Amino acid sequence: MFYYLLKYVLLGPLLRLVFRPRIEGLAHVPSSGAAIVAGNHLSFSDHFLMPAVLKRRITFLAKAEYFTGPGLKGRLTAFFFHSAGQIPVDRSGKEAGQAAIREGLGVLSKGELLGIYPEGTRSHDGRLYKGKVGVAVMALKAGVPVVPCAMIGTFEAQPPGRKIPRIHPVVIRFGEPLDFSRYQGMEKEKAVLRAVTDEIMYAVLSLSEQEYVDRYAADVKAAEEKHKAEEKRRAPRMPLR
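All of these numbers come straight from a predicted model, not from anything done at the bench. (Residues numbered from 1 in each chain as written. Predicted model: local features only at pLDDT ≥ 70, side-chain atom pairs only at ≥ 80, totals over all residues. Heavy atoms only, no water.)

**Re the sheet that holds strand 1 (residues 22-24)**
Rules: In this analysis, strands are considered paired if DSSP registers two or more bridges between them. Secondary structure elements are taken from DSSP: a helix is a run of H or I of four residues or more, a strand is a run of E of two residues or more, and numbering for both begins at the N terminus. Geometry is summarised by axes, namely lines fitted to C-alpha atoms with helices restricted to the contacting stretch, and by angles between N-to-C directions that run from 0 to 180 degrees. The contact criterion used is simple: two residues touch if any of their non-hydrogen atoms lie within 4.5 Å.
Overall, mixed pairing links the seven strands, which are arranged 1-8-7-2-5-3-4 in an open sheet. In this open sheet, the two edge strands, each paired with only one partner strand, are strand 1 and strand 4 (87-89). For this sheet, the mean inter-axis angle between neighbouring strands, taken without regard to orientation, is 25°. The sheet contact formed by strand 2 (residues 35-39) and strand 7 (residues 146-152) spans four bridges and is parallel. By the bridge assignment for strand 7, Val 37 is matched with Val 147. Relative to strand 3 (residues 58-63), helix 3 (residues 46-53) is tilted by about 175°, and along the sheet it contacts strand 1, strand 2, strand 3, strand 7 and strand 8 (171-174). Strands strand 2, strand 7 and strand 8 of the sheet are contacted by helix 8 (residues 190-208), whose axis makes an angle of about 35° with strand 7.

If you want it as structure tokens, here you go:
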């Protein structure tokens, strides 16, 4: 109930009024039945803009940190995401990944739309990173199509660290559904999962026209943070007077 209140009354109209997103390829999203919408992830605002333009309800796998924040702000954020039907995902470790897959399959088993960001985290620099294979596992196990989606302009509107979005043109572009029925029953084959995931990411890349990095975003972030920490440690200190 709260999901539709947000979509049609509280948040959706405001987002469409402020950002005036241009929607392309919306007809590619199935009007009924289970499907996965797999997109790039550039901004916190992605969570709200895509659902605002879709005709159907979509459930996202959202990082668990949105549900466990401290204080009043944390409780309000958790309430918001729970009420909007989003599912918390613990991203630490293999078992956590399996739990996320089970949750996603539960959504698809109900004939609903599942939203997922295969990169696993927001891009910190606007580039598109290597996708994780969980999206392939769910697509093959559930036997559902995958609709690639590109968010364009949301990084400029709300880059990492910016709390209040700035006004910037936004395009939300959906591609033709990808059919992986030829791989039915092969969801345990690592090479197949990698091939399916790469095909999904290539479709997203074709829509978004981002620069592609064949590494996981989390690994690149960690390496850059480590490098910055080492540079700071090695930097000469000003002598005290």
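**Remarks on the nonpolar core**
Across soluble globular proteins, nonpolar side chains have a tendency to be buried as a group. Rules: By convention a nonpolar core is built from buried Ala, Val, Leu, Ile, Met, Phe, Trp, Tyr and Cys residues, the set being connected through side-chain atoms within 4.5 Å. Three labels apply to residues, based on accessible area from a 1.4 Å probe with only protein chains included: buried if under 20% of the type maximum, exposed if over 50%, partly exposed otherwise in between.
Ranked by size, the top nonpolar core spans 28 residues in total, and within it Ile 36, Met 138, Phe 180, Val 196 and Ile 200 carry the most contacts. Residue assignment for this core shows that the elements contributing at least two residues are strand 2, strand 4, helix 5 (94-109), strand 5 (113-116), helix 6 (134-142) and helix 8. Of the residues forming this core, the biggest block, six residues, is contributed by helix 6. Those residues in contact with Phe 180 that lie beyond four places of it in its chain are Leu 140, Val 146, Val 196, Glu 199 and Ile 200. Ranked by size, the runner-up nonpolar core spans 26 residues in total, among them Met 50, Leu 54, Phe 67 and Val 147.

**A look at helix 8**
Under the convention used in this document: In a helix, the anticipated span is given by 1.5 Å times the number of residues less one.
Helix length check: helix 8 (19 residues) gives 27 Å between terminal C-alpha atoms against 27 Å at 1.5 Å per residue, within 8%. When we look at burial in helix 8, the residues that qualify are Val 192, Leu 193, Arg 194, Val 196, Thr 197, Ile 200, Met 201, Ala 203, Val 204, Leu 205, Leu 207 and Ser 208. Where the residues of helix 8 are buried, they touch strand 2, strand 6 (128-129), helix 6, strand 7, strand 8 and strand 9 (212-213). In the stretch just after helix 8, Glu 209 is the one whose phi turns positive, near 60°.

**So, unusual backbone geometry**
A positive phi angle is found at Glu 209, which is not glycine, with a value near 60°. Inspection of the secondary structure puts Glu 209 in the loop between helix 8 and strand 9. Take Glu 209: its relative accessible area is 67%, and that puts it in the exposed class.

**Digging into the packing of aromatic side chains**
Put simply, the test is: Two aromatic rings, drawn from Phe, Tyr or Trp (for Trp, its six-membered ring), form a pair once their centres lie within 6.5 Å of each other, and the interplanar angle then sorts them: stacked below 30 degrees, edge-to-face above 60, tilted otherwise.
What the rule picks out here adds up to two aromatic pairs. Residues Phe 44 and Phe 48 carry aromatic rings whose centres are separated by 5.3 Å and whose planes lie at 70° to one another, so their mutual orientation is edge-to-face. Ring geometry for Phe 60 against Tyr 117: centres 5.3 Å apart, planes inclined by 20°, an arrangement best described as stacked. Of the two residues, Phe 60 is situated in strand 3 and Tyr 117 in the loop between strand 5 and strand 6; the sequence distance between them amounts to 57 residues. The same class applies to Phe 60 as to Tyr 117, namely buried.

**Observations regarding the pairing of strand 2**
Counted residue by residue, strand 2 has five buried out of five residues, so it is predominantly covered. Bridging between strand 2 and strand 5 involves four bridges; their strand directions are parallel. Looking at strand 5, one finds that Ala 38 is bridged to Ile 116.

**So, the environment of Val 137**
For Val 137, the location among the structural elements is in helix 6. Judged by its relative accessible area of 10%, Val 137 falls in the buried class. For the pair Val 137 and Lys 190, spaced 53 residues apart in sequence, the C-alpha separation works out to 9.8 Å. Every residue in contact with Val 137, bar those within four places of it in the chain, is listed here: Ile 101, Glu 187 and Leu 193.

**Concerning the pairing of strand 7**
Most of strand 7 sits inside the fold, with six of its seven residues counted as buried. Bridge count for strand 7 against strand 8 is four bridges, and the pairing is antiparallel. From the neighbouring strand, Met 151 faces strand 8, where its bridge partner is Ile 172.

**Examining helix 3**
Burial analysis of helix 3 places eight of its eight residues in the buried class, which makes it a mostly covered element. Looking only at helix 3, the buried set comprises Asp 46, His 47, Phe 48, Leu 49, Met 50, Pro 51, Ala 52 and Val 53.

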